[in-house]
Amino acid sequence: MARLNVNPTRMEMTRLKGQLKTATRGHKLLKDKRDELMKRFLELARENKRLREEVEAQLMEVYASFSIASAVMTPAMMEEALMYPKQGVSLTVGSKNIMSVDVPVFDFETENGAGAEGNVFPYGFANTSGELDTAIEKLSEIFPKMLELAAMEKEAGMLSDEIEKTRRRVNALEYVKIPQYEETIRYISMKLDEDERGNQTRLMKVKDMMVKEAIEEKRERDKESLEAFAG
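Everything quoted here is computed from the prediction, not taken from an experiment.

**Looking at the overall build of the chain**
So, step 1. Looking only at helices and strands, one finds 3 helices and 2 strands in the chain.
So, step 2. Shown N-terminal to C-terminal, the secondary structure of the chain runs as helices and strands in the order α-α-β-β-α.
So, step 3. Relative to the compact-globule value of 17 Å for 231 residues, the chain shows a C-alpha radius of gyration of 41 Å, a clear excess of over 25%.
So, step 4. Overall size of the chain, expressed as C-alpha extent along the three principal axes, is 155 × 30 × 25 Å.

Below you can see the structure in the form of structure tokens.
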């Protein structure tokens, strides 16, 4: 792992140790977030699978009823029967926060036309098939589930994206940033130790030189004293 290009000083090592501590704490928090997101995603995937199977099964019944109604009614009669619906839907989109991810929440209100309270059939019953009634009634019943499924699948997609982003951040810290900090701190520590040993060696040499000079000076003084005494 390549180390960072920094000056090998004690101040720089102190700064890097602080960044390493922050990176290590951030790595743990991101791992916890990733694990919690994965847990939530798996729970959501199981619930999504159950709801999708339920909705698809009910939609198959709706399609079957529409197919039978289409077989016993002319296209013109079918188009006329469904041309002017008695009910409308007002959709509102909110959001909820899951581990810093804002996922959508869908809600709706049924808007009834005049005299359509509780009536989803936009036609009379004289010229229509009973299978068409069944299809429309079932479709009205499963609409909330379809809306819930849409929100659930959107949430699953957003959580999946967030899991991937968090995973990349965890890997970047675990395999790049933290090793870089550790390698650089080791390098600075070794460099400082080397400089310290060099300074000690120089100090010892200077001390030896000073001791040697002191001995030479003492010898000179002793020699001068002996010469003076002999003279």
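Back to the write-up after that little detour.
**Considering the environment of D193**
So, step 1. Tracing the backbone shows D193 in helix α3 (residues 130–230).
So, step 2. You can call D193 partly exposed: its relative accessible area is 41%.

**A word on a negative patch on the surface**
So, step 1. A contiguous patch of negative charge on the surface is contributed by D193, E194, D195 and E196.
So, step 2. Tracing the sequence through the fold places E194 in helix α3.

**Here's the deal with the confidence of the model for the chain**
So, step 1. Chain-level pLDDT for the chain is 83 on average; 90% of the residues reach the 70-or-more range.
So, step 2. Across the chain, helix α1 (residues 10–72) holds the top mean pLDDT of 91, while helix α2 (residues 75–82) sits lowest at 75.

**Description of the pattern of salt bridges**
So, step 1. Evaluation of the coordinates by the stated rule reveals 16 salt bridges.
So, step 2. Among the salt bridges present, the one from D35 reaches R34, with a minimum N-O distance of 3.5 Å.
So, step 3. In this structure, a network of salt bridges that share partners links the residues E47, R50, E54 and K145.

**Description of the side chain of S65**
So, step 1. Residue placement: S65 occurs in helix α1.
So, step 2. Of the residues examined, S65 reaches a relative accessible area of 6% and is grouped as buried.
So, step 3. For S65, the residues in contact, after removing those within four places along its chain, are E131, T134 and A135.

**Here we look at the nonpolar core**
So, step 1. By size, the foremost hydrophobic cluster in this structure holds 16 residues, and its most contacted members are L44, L51, V55 and L159.
So, step 2. Among the secondary structure elements, those contributing two or more residues to this core are α1, β2 (101–112) and α3.
So, step 3. Ranked by size, the runner-up nonpolar core spans 14 residues in total, among them V6, L30, I178 and I185.

**A word on unusual backbone geometry**
So, step 1. For M99, which is not glycine, the phi torsion reads 55° and is therefore positive.
So, step 2. Positionally, M99 belongs in the loop between β1 (87–98) and β2.
So, step 3. Residue M99 is classed as partly exposed on the basis of its relative accessible area of 33%.

**Details of the environment of F106**
So, step 1. Its place among the elements puts F106 in strand β2.
So, step 2. F106 gets classed as partly exposed once you look at its relative accessible area, which sits at 26%.
So, step 3. C-alpha of F106 to C-alpha of G94: the two residues are 12 residues apart in sequence and 6.3 Å apart in space.
So, step 4. In this structure F106 touches L91, T92, V93, L147, A150 and A151, once residues within four positions along its chain are discounted.

**As for the side chain of T184**
So, step 1. Positionally, T184 belongs in helix α3.
So, step 2. Here the side chain of T184 touches L4 through a polar contact of 2.8 Å, landing on its backbone nitrogen.
So, step 3. What T184 contacts, discounting residues up to four positions off in sequence, is R3, L4, V6 and L16.

Conventions and cut-offs
- Residues numbered from 1 in each chain as written.
- Predicted model: local features only at pLDDT ≥ 70, side-chain atom pairs only at ≥ 80, totals over all residues.
- Heavy atoms only, no water.
- Helix = DSSP H or I, 4+ residues; strand = E, 2+ residues; numbered from the N terminus.
- Rg over C-alpha atoms; globule rule 2.2 N^0.38 Å.
- Buried < 20%, exposed > 50% of the residue type's maximum accessible area, 1.4 Å probe, protein only.
- Patch = residues over 30% accessible without salt bridge, like charges linked within 9 Å, V, L, I, M, F, W, Y side chains within 5 Å.
- Areas by Shrake-Rupley, 256 points an atom, 1.4 Å probe, with all protein chains shown as cover.
- Salt bridge = Lys/Arg side-chain N within 4 Å of Asp/Glu carboxyl O.
- Lys, Arg positive; Asp, Glu negative; His and termini not counted.
- Charge placed at Lys NZ, Arg CZ, Asp CG, Glu CD.
- pLDDT = per-residue confidence, 0-100.
- Contact = heavy atoms within 4.5 Å.
- Core = buried A, V, L, I, M, F, W, Y, C linked by side-chain atoms within 4.5 Å.
- Polar contact = N/O pair within 3.5 Å; in protein donor to acceptor, adjacent residues only side chain to side chain.

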